[in-house]
Amino acid sequence: MKTMTKAKGASALPINSILSGDCIEVMNSLPENSVDLIFADPPYNLQLKGELHRPDNSKVDAVDDEWDQFSSFAAYDKFTRAWLKAARRLLKPNGAIWVIGSYHNVFRMGAELQNQGFWILNDVVWRKSNPMPNFRGKRFTNAHETMIWASKSEGAKYTFNYEALKSLNEGVQMRSDWVLPICTGHERLKDENGDKAHPTQKPESLLHRVLVGATNPGDVVLDPFFGTGTTGAVAKMLGREFIGIEREAAYRKVAEKRIANVRKFDREALQVSTSKRAEPRVPFGQLVERGMLRPGEELYSLNGRYKAKVRADGTLIGGDIKGSIHQVGAHLEGAPSCNGWTYWSYKREGKKVPIDLLRQQIRAEMATRPN
């Protein structure tokens, strides 16, 4: 991992590097259609007026850095328009982008995403389990930020690891409200003076969920507002390639040290749950062709009420119905549909064995074959 300065007309993609410079100029220097995912945490344009103090009169370390300040909404919109245009150019046709913001800026970004042809897939609310209180007591505690997930265009075949996210959520479908803590304790990076290295450092848990859900190992993830490198650190751990862009030297220095100390998970640990639809298709007839089931052999329904006979062409005959394992099962049960793989079983040594075990055996063989 290294820091690089932008190079106009660069043809090679500088993966696993932190690029120095203005994010718009740097993105415009990179090859188009080259990035799988963009995670962007741009300036929020917080419009803070004066200092913030706690009830004990101690000063709050708020975001008052120069990079977060714009002269007007028009100036901020111009900036947003320019960096999103550069980002869209870099995305592969089936790439996607995640942007994160607060009520100060996320609605403006959402409108611009749509203006430029991105297709919004979801907005995700990150609900902070340990938010900073509202010290002035004049508004609600600001306990969430919003992320917008969008594909490059309508109809794009973006990555969504539905089963992996479901597994992360104890087998329940992942919702669009995520309860995760902000950075505290050992995760909060400090500079040489012991102060916060970055005022808006995002927690690794947030990026872990985004990258597991929306990328695959080997994908290239770009973060145009790299800060102290949370995106790069998590990408490296999860076996993704990253490109970071950061103009502030102090942040780059912290990010370099942080990412250098990150270890990539082993290959087996990077595998995630996949949808059954993503597994290789195995026709029932292949079981007959290979002699795993014989023509004339009887299959038995899961509930024990019905049986059907295997035919040489991989169809079944049961009572007055002939057809696939799915059609015959549905007819016998009087149901609109039936998953024949889980409905039928065969007998071996007097015991019923689901036919799906034979399908899994063939799939296992396919997975171990050399390319």
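These remarks concern the structure in this document. (Residues numbered from 1 in each chain as written. Predicted model: local features only at pLDDT ≥ 70, side-chain atom pairs only at ≥ 80, totals over all residues. Heavy atoms only, no water.)

### A closer look at the overall build of the protein
Part 1 of the argument: The secondary structure content of the protein amounts to 11 helices and 15 strands.
Part 2 of the argument: The buried share of the protein, taken over its 371 residues, is 44%.
Part 3 of the argument: Put simply, 66% of the contacts in the protein that link residues at least 6 apart link residues at least 24 apart.
Part 4 of the argument: Carbon and sulfur atoms form 49% of the exposed surface of the protein, whose accessible area is close to 20,200 Å². (Helix = DSSP H or I, 4+ residues; strand = E, 2+ residues; numbered from the N terminus. Buried < 20%, exposed > 50% of the residue type's maximum accessible area, 1.4 Å probe, protein only. Contact = heavy atoms within 4.5 Å. Areas by Shrake-Rupley, 256 points an atom, 1.4 Å probe, with all protein chains shown as cover.)

### Brief notes about the nonpolar core
Part 1 of the argument: Of all hydrophobic cores here, the largest spans 34 residues; its most connected members are Leu 37, Trp 98, Met 147, Trp 178, Leu 206, Val 210 and Leu 211.
Part 2 of the argument: When residues in this core are grouped by element, the largest group, 6 residues, is from helix H5 (residues 204-214).
Part 3 of the argument: For Trp 178, the residues in contact, after removing those within four places along its chain, are Trp 98, Val 124, Val 125, Trp 126, Arg 127, Met 147, Leu 206, Arg 209 and Val 210. (Core = buried A, V, L, I, M, F, W, Y, C linked by side-chain atoms within 4.5 Å.)

### Side note on the packing of helix H2 (residues 73-90) against helix H3 (residues 106-115)
Part 1 of the argument: Where H2 contacts H3, the two axes come as close as 10 Å, and the packing angle between them is 45 degrees. As the angle between them shows, H2 and H3 are arranged oblique. Judged by the sense of rotation from one axis to the other, the crossing of H2 with H3 is right-handed. The segment H2 lies against H3, with Phe 73, Tyr 76, Asp 77, Thr 80, Arg 81, Trp 83 and Leu 84 engaging Arg 108, Met 109, Glu 112 and Leu 113.
Part 2 of the argument: A class-by-class count of the residues in the contact of H2 with H3 yields 6 nonpolar, 1 polar and 4 charged. (Axes fitted to C-alpha atoms, helices over the stretch in contact; angles between N-to-C directions. Parallel < 35°, antiparallel > 145°, perpendicular 65-115°, else oblique. Left-handed = near helix turned anticlockwise from the far one by under 90°. Nonpolar A, V, L, I, M, F, W, Y, C, P; charged D, E, K, R; others polar.)

### So, the packing of aromatic side chains
Part 1 of the argument: Going through the model one piece at a time under the given rule, you end up with 11 aromatic pairs.
Part 2 of the argument: Plain terms: the ring middles of Phe 226 and Phe 242 are 5.8 Å apart, the flat faces sit at 10 degrees to each other, and that makes the pair stacked. Here Phe 226, found in the loop between strand S8 (220-223) and helix H6 (230-237), pairs with Phe 242, found in strand S9 (residues 241-246); they are 16 residues apart in sequence, far enough to count as distant.
Part 3 of the argument: Of the residues examined, Phe 226 reaches a relative accessible area of 3% and is grouped as buried.
Part 4 of the argument: Here Phe 284 and Trp 341 contribute two aromatic rings whose centre-to-centre distance is 6.0 Å and whose plane-to-plane angle is 65 degrees, an arrangement assigned as edge-to-face. (Phe/Tyr/Trp six-rings, centres within 6.5 Å; stacked < 30°, edge-to-face > 60°.)

### Considerations on the side chain of Ser 345
Part 1 of the argument: As for its placement among the helices and strands, Ser 345 is situated in strand S14 (residues 344-348).
Part 2 of the argument: Here Ser 345 falls in the buried class, since its relative accessible area comes to 8%.

### Comments concerning helix H7 (residues 249-260)
Part 1 of the argument: Here H7 spans 17 Å end to end across 12 residues, near enough to the 16 Å set by a 1.5 Å rise per residue.
Part 2 of the argument: When H7 is considered as a whole, its buried residues turn out to be Tyr 251, Arg 252, Val 254, Ala 255, Arg 258 and Ile 259. In an axial view of H7, the angular spread of the buried residues amounts to 165 degrees, which keeps them on one side of the axis. Exposed side chains of H7 directed beyond 90 degrees from the buried face belong to Ala 250, Lys 253, Lys 257 and Ala 260. (Expected span 1.5 Å × (residues − 1). Arc of directions from axis to C-beta.)

### Structural notes on the environment of Ile 243
Part 1 of the argument: Position of Ile 243 among the secondary structure elements: in strand S9.
Part 2 of the argument: Contact partners of Ile 243, with chain neighbours within four places excluded, come to Leu 13, Pro 14, Ile 15, Ser 17, Leu 19, Val 220, Val 221, Leu 222 and Asp 223.

### A word on the pattern of salt bridges
Part 1 of the argument: For the structure shown, the criterion picks out 12 salt bridges.
Part 2 of the argument: Two residues, Arg 290 and Glu 365, come together in a salt bridge whose shortest N-O distance is 2.9 Å. Remark: Glu 365 occurs in helix H11 (residues 356-368) and Arg 290 occurs in the loop between helix H8 (284-289) and strand S10 (298-301); sequence separation between them is 75 residues. (Salt bridge = Lys/Arg side-chain N within 4 Å of Asp/Glu carboxyl O.)

### Considering the sheet that holds strand S11 (residues 307-310)
Part 1 of the argument: Pairing within the open sheet is antiparallel, and its 6 strands lie in the order S13-S12-S11-S10-S14-S15. Two strands lie at the open edges of the sheet, namely strand S13 (321-323) and strand S15 (351-354), each paired on one side alone. Neighbour-to-neighbour, the strand axes of this sheet turn through a mean angle of 35 degrees, independent of strand direction.
Part 2 of the argument: Taken strand by strand, helix H9 (residues 325-333) contacts S11, strand S12 (316-318), S13 and S14, and its axis lies near 155 degrees from that of S13. (Pairing = 2+ DSSP bridges.)

### So, the packing of H6 against H7
For any two helices packed against each other, the geometry comes down to the angle between their axes and how far apart the axes lie.
Part 1 of the argument: In the contact formed by H6 and H7, the axes pass within 9 Å of each other and the chain directions differ by 15 degrees. When the interaxial angle is binned, H6 and H7 end up roughly parallel. Between H6 and H7 lies a crossing of right-handed hand. Counted together, Thr 230, Gly 232, Ala 233 and Lys 236 of H6 and Arg 258, Ile 259 and Ala 260 of H7 form the full contact between these two elements.

What is shown is where atoms sit, not what they do.
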